[in-house]
Amino acid sequence: MPPTKRRAVKPPASKKGKKAAQDTEDDFFLASDDDEKNNVNEEEEEEENVTETAEQTRLRLAQQYLNKLRKEEDNASSEDEVFKGVTGGKSDDEEEEEDIGVELKDRLAARLKADVASAQGRLRRHLAASVLIPTSSSEGYIPSSIHRGHRLALTSVALTSDDRTAFTVSKDGTLIKWDVETMSKSVLARPNAGSGSKPKQLLRPSNRSAVSSSSAAAASGTKADWVAPIARMGSKDALLSVAVSSDGKYVAAAGMDRKIHVYDGKSGAFVQSYSGHKDSVTSLAFREGTHVLLSASFDRTVKLWSLDDRAYMDSLFGHQAEILAIDCLRNERAVTAAHDHTCRIWKIPEESQLVFRARDAAVDCCKYVTATEWISGGTDGVVHLWSQMKKRPVYTVRDAHNGLPFEAVT
């Protein structure tokens, strides 16, 4: 008999092999599930990382602002409702819903207009229809008084927005902080002050010998020791301008030493001095609502300083003679007056300027009235009202002070 062929029989798979194969399949499916989850997470992250367009951002911010205004108006209306219930009037629940909606829209519209005008520096508050000059018989009349603090002539005064604190500078190089109500004063000192020439302190004669000595000195043609020297602009310590920020945080003073000295408006502590001008600094102005300081100088330049960053920002050129005054409101524009018979409007972001020429005499001072109008005073005593839309003055008043030159306009 031929030999029979035996079929090869595969050995049965061991339990370890089955378990390994099952683990491999599980790992495969788990890996695929992880990939799917990762893809989903990546898609979600991509959706979250999608940036908003400028229009969407404006819409979202406007919606948030409107919601905030609605909450404030709702709180105000609820207070009015309580007040009406106390006084016996009709409550909002008794009125029709349409009237309530119209009233709310009107209040929101008025609030939005006021906020926009305030942001643009065009907000006007109507205080009174006329001004009455108080007399001694008027109720609440406060008589005028004289308070001395400086040894030489004052050159500039700055008042805080709440009218409670005043700052004055003088040719003697001192900066004094005044409490307007009590007229108490405190001198704000700066380091390295007094390096220039300072006048002698004024001393009054207390007896006849002092008087006789002064008369003898006058007879001999010499001055007595107690006579104060004549105020001169040549002193390096003389301060010519002072300005305070709208929130009262910073006070800046500058003058003949070509530096700008910054103080803390609350505590009076010295903060820092800024140098950069090549000649005397004649005028300072803060941009309203910010801590950006503008300075004008005899070196014919206007410089911008950031007191928050404590750094120099930019220089503006254009005047052909010494700049005597500068003013700025909330907008990024400034007006300057100079000895070259011109006023200039500086458009700071555009880095351009508008020239307005006063043909009579040099312009000594200027002050904004509105965002597009300002007044100026010259050495011939003429007051000009200017508009940004016209090259010539809109209105002129001659001999406003009997022909005497102007020193400042507020």
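Residues numbered from 1 in each chain as written. Predicted model: local features only at pLDDT ≥ 70, side-chain atom pairs only at ≥ 80, totals over all residues. Heavy atoms only, no water.

1. What to know about the confidence of the model for the protein chain
Step number 1: Per-residue pLDDT for the protein chain has a mean of 76; in total, 67% of the residues score no lower than 70.
Step number 2: Considering only residues more than four positions removed or in separate chains, one finds that residues 195–215, a stretch of pLDDT under 50, has 24 contacts.
Step number 3: Low pLDDT (under 50) marks residues 223–233, which in the prediction has 21 contacts with non-local residues, meaning those over four places away or in another chain. (pLDDT = per-residue confidence, 0-100. Contact = heavy atoms within 4.5 Å.)

2. Observations regarding empty space enclosed by the protein
Step number 1: The final tally for this structure, using the stated rule, is one cavity of 30 Å³ or more.
Step number 2: In this model, the largest cavity occupies a volume close to 50 Å³.
Step number 3: Every residue lining the largest cavity is counted, 11 residues in all, and those nearest its centre are A358, A361, G378, D380 and H384.
Step number 4: No other element matches strand β18 (residues 373–378), which puts three residues into the lining of the largest cavity.
Step number 5: Broken down by class, the residue content of the lining of the largest cavity amounts to five nonpolar, four polar and two charged. (1 Å grid on protein atoms, 1.4 Å probe; cavity = no way out; pocket = protein on both sides within 12 Å on 5 of 7 lines; lining within 4 Å. Points joined across faces, edges and corners; volume = space filled by probe spheres on them. Helix = DSSP H or I, 4+ residues; strand = E, 2+ residues; numbered from the N terminus. Nonpolar A, V, L, I, M, F, W, Y, C, P; charged D, E, K, R; others polar.)

3. Overview of the pattern of salt bridges
Step number 1: Evaluated as defined, the whole model comprises three salt bridges.
Step number 2: In this structure, the salt-bridge partner of E332 is R287, at a minimum N-O distance of 4.0 Å. Placement of E332 in the loop between β13 (323–328) and β14 (333–338) and of R287 in the loop between β9 (281–286) and β10 (292–297) is noted, with a sequence separation of 45 residues between them.
Step number 3: Taking relative accessible area as the criterion, E332 reaches 40% and is therefore assigned partly exposed.
Step number 4: A residue is classified by how much of its surface remains accessible, and R287, at 22% relative accessible area, is partly exposed.
Step number 5: Put simply, R344 and D340 hold a salt bridge, and the shortest N to O gap is 3.9 Å. (Salt bridge = Lys/Arg side-chain N within 4 Å of Asp/Glu carboxyl O. Buried < 20%, exposed > 50% of the residue type's maximum accessible area, 1.4 Å probe, protein only.)

4. Re the sheet that holds strand β8 (residues 270–275)
Hydrogen bonds along the backbone pair up the strands of a sheet, which may run parallel or antiparallel.
Step number 1: Pairing is antiparallel in the open sheet, where four strands are placed in the order β5-β6-β7-β8. Only two strands of the sheet have a single neighbouring strand rather than two, namely β5 (239–244) and β8. For this sheet, the mean angle separating the axes of adjacent strands, direction not counted, is 20°.
Step number 2: Summarising the sheet, β5 and strand β6 (residues 250–255) pair through five bridges and their orientation is antiparallel. Its bridge partner being in β6, L239 is matched across the sheet by G255. (Pairing = 2+ DSSP bridges. Axes fitted to C-alpha atoms, helices over the stretch in contact; angles between N-to-C directions.)

5. Topic: the pairing of strand β16 (residues 352–357)
Step number 1: The pairing of strand β15 (residues 342–347) with β16 spans six bridges and is classified as antiparallel. Following the sheet pairing, C343 is matched in β16 by F356.
Step number 2: What sits between β15 and β16 in their antiparallel hairpin is a turn of four residues, with E351 showing a positive phi close to 55°.

6. A closer look at the side chain of K177
Step number 1: With respect to the helices and strands, the residue K177 is situated in strand β3 (residues 175–179).
Step number 2: Look at K177: it is buried, it has no salt bridge, and the nearest opposite charge is D264 at 7.0 Å.
Step number 3: Of note is the side chain of K177, whose polar atom sits 3.1 Å from the backbone oxygen of G265.
Step number 4: With residues near it in sequence (within four places) discarded, K177 still touches T165, A166, F167, S184, K185, S186, L188, G265 and K266. (Lys, Arg positive; Asp, Glu negative; His and termini not counted. Polar contact = N/O pair within 3.5 Å; in protein donor to acceptor, adjacent residues only side chain to side chain.)

7. Quick look at the state of the cysteines
Step number 1: With the rule as written, the count across this model stands at zero disulfides.
Step number 2: Of the cysteine sulfurs around C366, a residue in no disulfide, the closest is that of C343, at 5.6 Å. (Disulfide = S-S within 2.5 Å.)

8. Some details on unusual backbone geometry
Both trends apply: most residues other than glycine have a negative phi, and most peptide bonds are in trans.
Step number 1: Of note in the backbone geometry, D163 takes a positive phi value of approximately 60° without being a glycine.
Step number 2: Its place among the elements puts D163 in the loop between β1 (154–159) and β2 (165–170).
Step number 3: Residue class for D163 comes out partly exposed when judged on its relative accessible area of 47%.
Step number 4: Although it is not a glycine, R310 sits at a positive phi angle of roughly 55°.
Step number 5: Here R310 is to be found in the loop between β11 (301–306) and β12 (311–317).
Step number 6: Overall, R310 belongs to the partly exposed group, its relative accessible area being 45%.

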